[in-house]
Amino acid sequence: MITDSFLKYVEENNLIHRDDKILLAVSGGVDSMVMMNLFHTCGFNFGVAHCNFCLRGKESDEDEEMVEEECRKLGIKHYNIRFDTQNEIDLSGESVQMVARRLRYDWFNKLSAEHGYTKIAIAHHSDDSIETFFINLIRGTGLRGITGINVTNKQIIRPLLFATRREISDYAVKNKVKYREDSSNRSTKYLRNKIRLGIIPKIKEVSPNFGKTMTHNVERLSVALRFIDTVMGDIMDKVSMKYGSNVIIDTKLIPKNLDLNYVIFELLRPYGFNTEVVKDLYNSLMVGNSGTKFHSYSHIAYIDRKKIILKDISEMPENYYVEIGEELDQEFCLGGTLTFEKLEIEDLELGSNPENIALLDAELITYPLIVRIWKDGDYFIPLGMTGKKKVSDFLIDQKIPVPEKEKQLVIESSGNIIWLVDRRIDNRYKITENTRNVLRITKKLNEEQLD
């Protein structure tokens, strides 16, 4: 019986404690509605949060109405929010999935803080975990990505990972759980659906027990990953030392029978370095390019002969200085990632412009761009003004707290500040009726691995 399996899974994985107050993410689909039913049946202390992303017209509104009605019937505390998701997509340039994920988790975290929820429950099941395995396998995320979906991730819990999609559907029918079908689940526009509707059914024709086999495979990979993490922790203890706020890794001490490139990646991964950056760092290390500097979102790594010196960016904001070439890619920076894109004015969706996005006349920009911490004497002409204003005075006027001021970034072109990041662009570089090409710079906060 799924209720017994649910309670056993919750207990074995230590997901819920007696004093926990759980916020359930409920879309209205069968998975989340069954999760809500199980929480209600088992007497847990919980509330329900529903996001209407306003992407499916009447269908989205009917999902919202159904969830609200069921919560009212059962006497469950209910929260609802509507997002202008398409406008956010147009402004940020992110995918539908990325925008929706960011919006909902920001809201869940806000609700948790305001109403004392200690955990957030997401209704992922074992089939979702198998699909995630294939998605990450295709994307090439490495071992960490093909271990499926984690049961817990900080405040997030996934109490339905023990169950298959079929088991959840059967429970809904047997217990008359009301739910709605999302028409987008049948669209092969999304990679997950292509895998769910196309690849997995073909594999099941060859291996009918594929679901159980893959669940066991993912479990074994997770065990292997925990073993690797333990070994890498031991290696880190032997090859590294703290020197003030710096970490120094002596690569000469790494055992010779191990793949040096892989070991370095695993050692640097906790400091935010991705595969491509580590590959470049490894190549520089091999040819002895001492002094070469590499950036992650939180650290800077220097090569010093066969040693890697890691500096926390937050410990050295006054020294932060990066050049961006005309190839326009992305750059990790203090507390986030800067993405640079060139667009034709016709392709730009104009509307309300959040402060984390700068839209600039690309024809007025010269390269390289400089990303750095502001300093005394810096000035710019804030958008909407005609006269110069000191950055220091602007930050005072905006009542920016001292810790934030110390890490305030500026981006300059040919010695002129074109954007006080997250605050205001320079009026001289704004889009006008004569603008043909636009430089869009987006500052995105760093996120944990996608759930």
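Source: prediction; values computed, not measured.

Okay, the overall build of the protein chain next. When helices and strands are tallied, the protein chain shows 13 helices and 22 strands. Projected onto its principal axes, the C-alpha positions of the protein chain cover 70 × 60 × 45 Å. Per-residue burial for the protein chain yields a buried fraction of 45% across its 451 residues. Once local pairs closer than 6 in sequence are excluded, the contacts in the protein chain between residues at least 24 apart make up 67%. Carbon and sulfur atoms make up 50% of the accessible area of the protein chain, which totals about 23,800 Å². One finds the centroid of the 62 positive side-chain charges in the protein chain at a distance of 3 Å from the centroid of its 68 negative side-chain charges.

We now examine the sheet that holds strand β21 (residues 424-425). If you trace the 5 strands from one edge of the open sheet to the other, you get β12-β16-β19-β20-β21, paired in antiparallel fashion. Edge strands, defined here as strands with exactly one partner in the open sheet, are β12 (321-324) and β21.

In this fold, K176 is placed in the loop between α7 (165-174) and α8 (191-206). Residues K176 and V34, 142 residues apart in the sequence, show an inter-C-alpha distance of 9.8 Å.

Let us now look at the packing of aromatic side chains. Applying the stated criterion across every chain yields a total of 12 aromatic pairs. Note on F133 and F134: the rings are 5.2 Å apart at their centroids and 85° apart in plane angle, and the pair reads as edge-to-face. One Lys or Arg, K21, reaches over the ring of Y117 and ends 4.7 Å from the middle of that ring.

Here we take up the state of the cysteines. Following the criterion strictly, the structure yields 0 disulfides and no others. As a non-bridged cysteine, C42 has C71 as the owner of its nearest cysteine sulfur, 17 Å distant.

Here we take up the pairing of strand β16 (residues 369-373). Most of β16 sits out of view: 5 of its 5 residues are buried. Of the two faces of β16, the one lined by L369, V371 and I373 and the one lined by I370 and R372 are each fully buried. Both β12 and β16 contribute to a ladder of 4 bridges, which runs antiparallel. Looking across to β16, one finds that I324 is bridged to L369. Here β16 pairs with strand β19 (residues 409-413) via 4 bridges, running antiparallel.

On to the pattern of salt bridges. Evaluation of the coordinates by the stated rule reveals 32 salt bridges. Among the ionic pairs, E59 bridges to R56, the shortest N-O distance being 2.7 Å. Taking the relative accessible area as the measure of exposure, E59 reaches 19% and is therefore buried. Across the salt bridge formed by E266 and R144, the nearest N and O atoms sit 2.8 Å from each other. A residue pair is termed long-range when its members are at least 10 positions apart, and E266 in helix α10 (residues 260-268) and R144 in the loop between α6 (126-139) and β5 (152-153) qualify at 122 residues. Exposure class is identical for E266 and R144. Each is buried. The structure contains a network of salt bridges with shared partners spanning R56, K58, E59, E62, D63 and R180.

Within the secondary structure layout, Y429 lies in the loop between β21 and β22 (437-445). Residues Y429 and F46, 383 residues apart in the sequence, show an inter-C-alpha distance of 50 Å. In this structure Y429 touches L359, L360, D361, L364, I365, S413, N416 and I418, once residues within four positions along its chain are discounted.

Once that is clear, we can look at the packing of α10 against helix α11 (residues 275-287). Two elements in contact, α10 and α11, have axes whose closest approach is 10 Å; the angle formed by their N-to-C orientations is 125°. Looking at the two axes, α10 sits oblique to α11. The handedness of the crossing between α10 and α11 comes out as right-handed. Here L260, N261, I264, F265 and L268 of α10 come into contact with α11, specifically with T275, V278, L281, Y282, L285 and M286. Residues of the contact of α10 with α11, tallied by class, amount to 9 nonpolar, 2 polar and no charged.

Taken together, the side chains of I138, L191 and I199 present a nonpolar region at the surface, about 240 Å² in accessible area. With respect to the helices and strands, I199 occurs in helix α8. Classification of I199 as partly exposed rests on a relative accessible area of 37%.

Glancing now at the side chain of R158. Assignment of secondary structure puts R158 in the loop between β6 (156-157) and α7. Overall, R158 belongs to the buried group, its relative accessible area being 0%.

For the protein chain, the average pLDDT comes to 88, and 94% of its residues sit at 70 or higher. Predicted confidence is poor over residues 447-451, with pLDDT under 50, and the contacts of this stretch with residues over four places away or in other chains come to 15 contacts.

With 12 residues, helix α2 (residues 30-41) extends 16 Å between its outermost C-alpha atoms, agreeing within 8% with the 16 Å of an ideal straight helix rising 1.5 Å per residue. Taking burial as the measure, the 12 residues of α2 include 9 buried ones, the bulk of the element. Looking at α2, one finds that the buried residues are V30, D31, S32, M33, V34, M35, M36, L38 and F39. Buried positions along α2 lie against α1 (2-12), β1 (22-25), β2 (46-52), α3 (58-74), β4 (119-121) and α7.

Overall, mixed pairing links the 6 strands, which are arranged β3-β2-β1-β4-β6-β5 in an open sheet. Bordering the open sheet on either side are β3 (77-82) and β5, each of which pairs with just one other strand. On top of the sheet, α2 reaches β1, β2 and β4; it is set at about 155° to β1, its chief contact. Across the sheet, helix α5 (residues 96-115) lies against β1, β2, β3, β4 and β6, angled at about 150° from β2, the strand it touches most.

Cut-offs used in this document
- Residues numbered from 1 in each chain as written.
- Predicted model: local features only at pLDDT ≥ 70, side-chain atom pairs only at ≥ 80, totals over all residues.
- Heavy atoms only, no water.
- Helix = DSSP H or I, 4+ residues; strand = E, 2+ residues; numbered from the N terminus.
- Buried < 20%, exposed > 50% of the residue type's maximum accessible area, 1.4 Å probe, protein only.
- Contact = heavy atoms within 4.5 Å.
- Areas by Shrake-Rupley, 256 points an atom, 1.4 Å probe, with all protein chains shown as cover.
- Lys, Arg positive; Asp, Glu negative; His and termini not counted.
- Charge placed at Lys NZ, Arg CZ, Asp CG, Glu CD.
- Pairing = 2+ DSSP bridges.
- Phe/Tyr/Trp six-rings, centres within 6.5 Å; stacked < 30°, edge-to-face > 60°.
- Lys NZ or Arg CZ within 6 Å of the ring centre and 35° of its normal.
- Disulfide = S-S within 2.5 Å.
- Salt bridge = Lys/Arg side-chain N within 4 Å of Asp/Glu carboxyl O.
- Axes fitted to C-alpha atoms, helices over the stretch in contact; angles between N-to-C directions.
- Parallel < 35°, antiparallel > 145°, perpendicular 65-115°, else oblique.
- Left-handed = near helix turned anticlockwise from the far one by under 90°.
- Nonpolar A, V, L, I, M, F, W, Y, C, P; charged D, E, K, R; others polar.
- Patch = residues over 30% accessible without salt bridge, like charges linked within 9 Å, V, L, I, M, F, W, Y side chains within 5 Å.
- pLDDT = per-residue confidence, 0-100.
- Expected span 1.5 Å × (residues − 1).

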